[in-house]
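Report on the structure
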Amino acid sequence: MSKMVTLSIDGRSVTVPENTLVVDAAKMNGIDIPVFCYHPKMKPVGMCRMCLVEIGRPMIDRATNQPVLEDNGSPKIQFSPKLETSCTTPVSEGMVVLTRNDKVEAARKEIIEFILTSHPLDCPICDKGGECPLQNLTMRFGSKEGRFLFDEKMHLAKHVPLGELIWLDRERCIQCARCVRFQHDVVDDPVLDFHNRGRSLEIMTFSEPGFGSYFSGNTTDICPVGALTTADFRFGARPWEMKPAASLCAQCPVGCNLEYTVRREAKSGGATVIKRALPRQNESVNEIWICDKGRFGYHYTQDPARLGQPLVRRDGELVPVTFEEALKIIAEKAAHQPFQILAGGKLSTEDLAALRGLAQESGGKAWLHTYMSGGFTPHYGLSADANLGALGQGDAVLVAASDLHEEAPIWWLRVKQAAERGAALIVMNPRPTRLKKYARHVIRYAYGEESLAVAAMAEENLALAGEEIRAAAETLKSARNLVIFYGSEGLGLTGSKGLEQALADLLERGGFTGRENSGLIGVWHAPNLQAGFELGLPPAEGLADLPAGGVLYLAAADPAGDDPRQAAYFSGREFVIVQDLFLTESAKLADVVLPVLAYTEREGTFVSGERRLQRYYPALAARPGLKADFALTALIAKSLGYELEGRAASLALEKLAASQPAFEGLNYLKLAEVHEQWPQVGGSDLYYGGTSYANRQGLGKHLSRAAKPEPDAAPLREGIRDVPKNALRLVPHTRLYDAGSTFAPSRLLDQRRARRQLRIHPRSAEPLGLQQGSQALIELEGAPFTAEIVLDETIPGGTALYPRSLGVPMNAPFHAVVKPVFDKSAS
Amino acid sequence: MLTGLWQTLKSVFEKPVTISYPEEKRPVRPRFRGRHVLTRYENGLEKCIGCALCAAACPADAIFVEASENTDEQRYSPGERYASTYEINMLRCIYCGFCEDACPTEAIVLGDNYELSFTDRHQAIYTKDILLVPVPEGGKPTPQSVEPGKYDRAVPEMKDPAD
Amino acid sequence: MNTILNDYADEVQAILARYPQDQKRSAVMPLIHLVQARDGYVTKQAMTEIAEIVGISVTDVASVVGFYTLYHEEKGGRYHLQVCTDLPCALRGADEFLAKLCENIGIKVGETTPDGVITIEEVTCLAGCHHAPMFQVQGDGAITYHENQSVDSALEIIAELRRKAAAQEAE
């Protein structure tokens, strides 16, 4: 516990921890001191002078070193001759702060007038108008008239693209440097900076592409004026016209809390649509930040290509029918058949539970469509009040086989911050990633030897291990907590299983299981895979793992889209049902295609990778006729004579909580609980958190620890079979901006989307005749494809990296012959 | 009774107060609040910048505005923003004139026209093409292609609001 | 391909040696001087190369170049004539001086004379307020101060600079 300091603010005695800034001390006690440049998430700079207050300190007699006392015995207070910036002044014992006297009010008035000297009268057309700190503070503290001449205002460029995502209006900028500081200090992506000085000061970027940062959208939130706006929302609507709805991000397993703001839109034919996504504060998940994928990735939910009506196959063609007809056909064809179900990680917890229920009732089995293994996470994962934000000195974080910056940017940020607070970061990856900079130990291994490297660290006998592994093991010995992130770089399901077990073993041997802030976190490729593992669904990379025969039921899974060779597994089935948002490749092969509601149109829960069960609320009204996945599954079950909970998501969760120990005691009301968070954001004092929303709809709850799983006796390493001669080992890695079906419709990011590239070391490329930028043909049996060659000296020899979800029909490592494609027109 | 008859007789020779509307129409008062019009600048650019303050001010929620971005090749109004959709539901409108007060560019003006009639609800929704005044003489219709940098300011320099 | 490392391998090492290993970014200013001496101004390519050498982002290098008036991002004249027009100088007539000077040589602030010899720039504080109007001439790797100037005396200096440029050209 840090020392407490008592001071007086506006006559009120307040006690706050030592080193608290005066501005925060006031805020914690309900006194607003206006600020522009100060932001509680960043170091103060005192640039805007808006937070000036009068500060007095007890007078000390220099001779005796004793406080000087007034006649009545109280200490004599000496006020500084000038006002002080409350954002740069830490509190001290006996301090007296005045925030509301005439002197302070006059100073505020003048600072506002000064800031407004060249601020344009843009409020009617400014996107920030209505939620603008400058506007609010001007109304509250500003003068009614300016003494400067309107004609003499400086006119600057109003339409400067910092990149294709963020636009700068130079006139509106008040040079508070919040965006610059955010990029430098918070996310360490120093792509914004000031150029020139004085009145000519401007924000600029020299990065390629412009403002190239995965966190760029956050600068528009914290900008205290309308200088930075997103291309996505620019002039979309006025803030007061939109209705906010609490939701979650469905792009990755971090589970960032979002707020969608929606409005009826004439351009969409009068439909209500999501206009923008803003972060919702959850200090133990995403604080007040979200990545650009989450901010701009919601477009798929309102893509025109979404299915609106069930389709059934008649004479080889899929024709639209009503739900009644579709269900009738299912009841006829699927009666008394076992359901083999493949479920995607984008489904809600309730959906997955319903699918599992249907499989059990019908005598089939439900599988989780994933190339990652996670069966150990329900036991070894985080639980109770775990919080990545609490990791620091004495704790350790291990990131294995994951480029967190690409796979889950907010986790990257959380790990970076933990390392900065003093946690020992161990990074295990065959190639350098962005986390390397913050790592205490970097462990390199060859692709395919992940679990061996981890096992070496866990072994008592370290003599044979490399120096780094020994050093890391030494660090782990003294660590209080250990949080492990494991990703899927270079791994398919088998390798993932091996790595997961090795890591669980490491936790077990180190005695970390059961500690408050320790556990195993899977960096999944979907938002809710964790729930699937919690429900005990076995993972399946594709349809090959599912038993033949019976009814095949795919929900939010598109194996044929991922790999066209999977189509072969459709033909042997009696009956195939596909339930999805879009007419996917798998849906095209189905007998019945059932459309469903997007997650933004319904209620549900996701379990984040940290095992936090969180609720999302409907942002939009349900599309007429459509149902949520779990309700549809329940209808199918009902038509076959089975009983499943399909009335409401909350009831489905209650039913699950009654049968699944990890969910025990959880319900929708519990998940909606909130408590006060620091910093306070989203109030009328927008200046504190920017446009991030306060969390009034629930912070979520951790699942409790599940029973210990049995280790798998199956081989733990990727088997190497039938390696063709001269073949390269191709290993997968994940890129943030991919072409997955739930992200591709966000056209705004097209320019930044990763391309289908093969990253390869120049030495491995040379003998194959592959050159930088040239096209190569990869002879994958049954599904050859081409990719652009990128020479990269960080890639281990003999291997090449290919990106997932960008048209390569594989998700696991494989061997293939890579040949240059000769341009016929050139020769 | 005689007084009563005298009144009647007197009225016979007075000018009648009724007029034969609609053949004959009485001029409205200067501050009359009739149907809205969206005005234009002399060069034909629309005054409306799509700020939706009229919609915010409207107590009857009769106005719907949706904005889009201007370019110098396709310019509707000065500044960066224009109203791509502008609708007033005349059945809802209570002709209070708050929209006129809220408008930063004096784009929306309550005109003289009080003869509104509809046969169904959809007709009562007046769209932008109905509300916009014709292009003044010498002006060009919108969207205009203009020289870059000329129309950067959305809100024109305001004269003294008193005049 | 890093042209700075190529052209000035020894100089770069000498500059880097002046700073502690973990404070490499301190070398950014001498390195900018180095490329400016070579090219006359700092190209984006050069900024990228400097960023690579000291391990900071291009934007950070550009910010340093943008902040200091001694660095130029555009190819200007051979001599940069930089007039301070901050408040104390302006009170002593520096802004009028600048306007008249520009009028006399027929270019605007920030422009270069057609012969490519003089670029006139308006800069902030040169620490010579008490002798304003004043300016500095930056060129040929040196900076000279000229204080207590009038338009005539400035024109003389410009004429002198032109002679100097012509003489060097002839060589």
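Once a new chain begins, its residue numbering starts again from 1 and follows that chain's sequence as written. A letter from A marks each chain and a number from 1 marks each ligand, given out in the order of writing. Given that the model is predicted, a residue must reach a pLDDT of at least 70 before its local features are reported, and side-chain atom pairs must reach 80 or more before they are shown or counted; all residues, however, enter totals for whole chains, interfaces and linings.

1. Digging into the interface of chain A and chain B
- Once C-beta atoms are placed from the backbone, any two residues with those atoms within 7 Å are in contact. Contact residues are listed per partner, giving 15 residues for chain A and 18 residues for chain B.
- Classification used: nonpolar for Ala, Val, Leu, Ile, Met, Phe, Trp, Tyr, Cys and Pro, charged for Asp, Glu, Lys and Arg, polar for all others including Gly. The residue makeup of the side of chain A that touches chain B, split by class, is seven nonpolar, one polar and seven charged.

2. A word on the sheet that holds strand β13 (residues 228-230) of chain A
Residue and element names in this part refer to chain A.
- Two strands qualify as a pair provided that DSSP identifies no fewer than 2 bridges between them. Comment: elements are numbered from the N terminus, with helices defined as DSSP H or I runs of at least four residues and strands as E runs of at least two. Here three strands make up an open sheet; going across it, the order is β9-β10-β13 and the pairing antiparallel. Only two strands of the sheet have a single neighbouring strand rather than two, namely β9 (160-161) and β13.
- As paired strands, strand β10 (residues 166-168) and β13 are joined by three bridges and run antiparallel to one another. Bridge pairing in β13 links I166 to T230.

3. Quick word on the domain arrangement of chain A
Residue and element names in this part refer to chain A.
- All domain edges in this entry derive from an automatic or database-based domain assignment. Along its sequence, chain A is organised into domain 1 (4-100), domain 2 (152-302), domain 3 (377-523) and domain 4 (728-820).
- With 15 residues of domain 3 at the interface, the matching set in domain 4 holds 14 residues.
- Class assignment of the residues belonging to the side of domain 3 that touches domain 4 gives a composition of six nonpolar, four polar and five charged.

4. So, the arrangement of the chains
- Here two pairs of chains are in contact, and chains A and B lead that list by number of contacts.
- Considering only C-alpha positions, the minimal separation of the non-contacting chain B and chain C is 20 Å.

5. As for the interface of chain A and chain C
- Across the boundary between the two partners, chain A contributes 13 residues, which contact 11 residues of chain C.
- If one sorts the elements of the side of chain A that touches chain C by residue count, strand β11 (residues 193-195) of chain A sits on top with three residues.
- Of the residues belonging to the side of chain A that touches chain C, the class tally is six nonpolar, five polar and two charged.

6. Digging into helix α11 (residues 409-420) of chain A
All names here are of chain A.
- Over its 12 residues, α11 extends 16 Å from the first C-alpha to the last, a length consistent with the 16 Å expected when each residue adds 1.5 Å.
- Buried, partly exposed and exposed are defined by the number of other C-beta atoms within 10 Å of a residue's own C-beta, namely 20 or more, between the two limits, and 12 or fewer respectively, with C-beta atoms placed from the backbone. By the criterion of burial, α11 is predominantly enclosed, with 10 of the 12 residues buried.
- Residues of α11 that are buried in the fold lie against β21 (396-400), α10 (404-407), β22 (424-428) and β24 (482-486).
- G422 sits one or two residues past α11 and shows a positive phi near 120°. Residue count minus one, scaled by 1.5 Å, sets the expected span of a helix.

7. Focus on the pairing of strand β16 (residues 271-279) of chain A
- Of the pairings in the sheet, the one linking strand β15 (residues 257-265) of chain A to β16 of chain A comprises eight bridges and is antiparallel in character. Each bridged residue has a counterpart across the sheet, and for R263 of chain A the counterpart in β16 of chain A is V273 of chain A.

8. Quick word on the sheet that holds strand β17 (residues 311-314) of chain A
Residues and elements named next belong to chain A.
- Spatially, the eight strands line up as an open sheet ordered β18-β17-β29-β28-β27-β19-β20-β26, and their pairing is mixed. Edge positions in the sheet fall to β18 (317-320) and β26 (539-540), since each has one partner strand and no second.
- Here, axes are lines fitted to C-alpha atoms. For helices the fit covers the stretch in contact, and angles between N-to-C directions go from 0 to 180 degrees. Lying over the sheet, helix α8 (residues 349-362) contacts β19 (339-343), β20 (365-369) and β27 (551-555), oriented at roughly 165° with respect to β19.

9. So, unusual backbone geometry
- For the bond running from T142 of chain B to P143 of chain B, omega is -5°, close enough to zero to count as cis.
- With an omega of -10°, the peptide bond between A132 of chain C and P133 of chain C qualifies as cis.
- In the Ramachandran plot, S805 of chain A falls in the positive-phi region, its phi being about 55° despite a non-glycine side chain.
- Within the secondary structure layout, S805 of chain A lies in the loop between β37 (799-803) and β38 (814-816).
- For S805 of chain A, a count of 20 C-beta atoms within 10 Å corresponds to the buried category.
- Despite not being glycine, N148 of chain C shows a phi value in the positive range, around 50°.
- Positionally, N148 of chain C belongs in the loop between β4 (142-146) and α8 (151-170).
- Classification of N148 of chain C as exposed rests on a count of 12 C-beta atoms within 10 Å.

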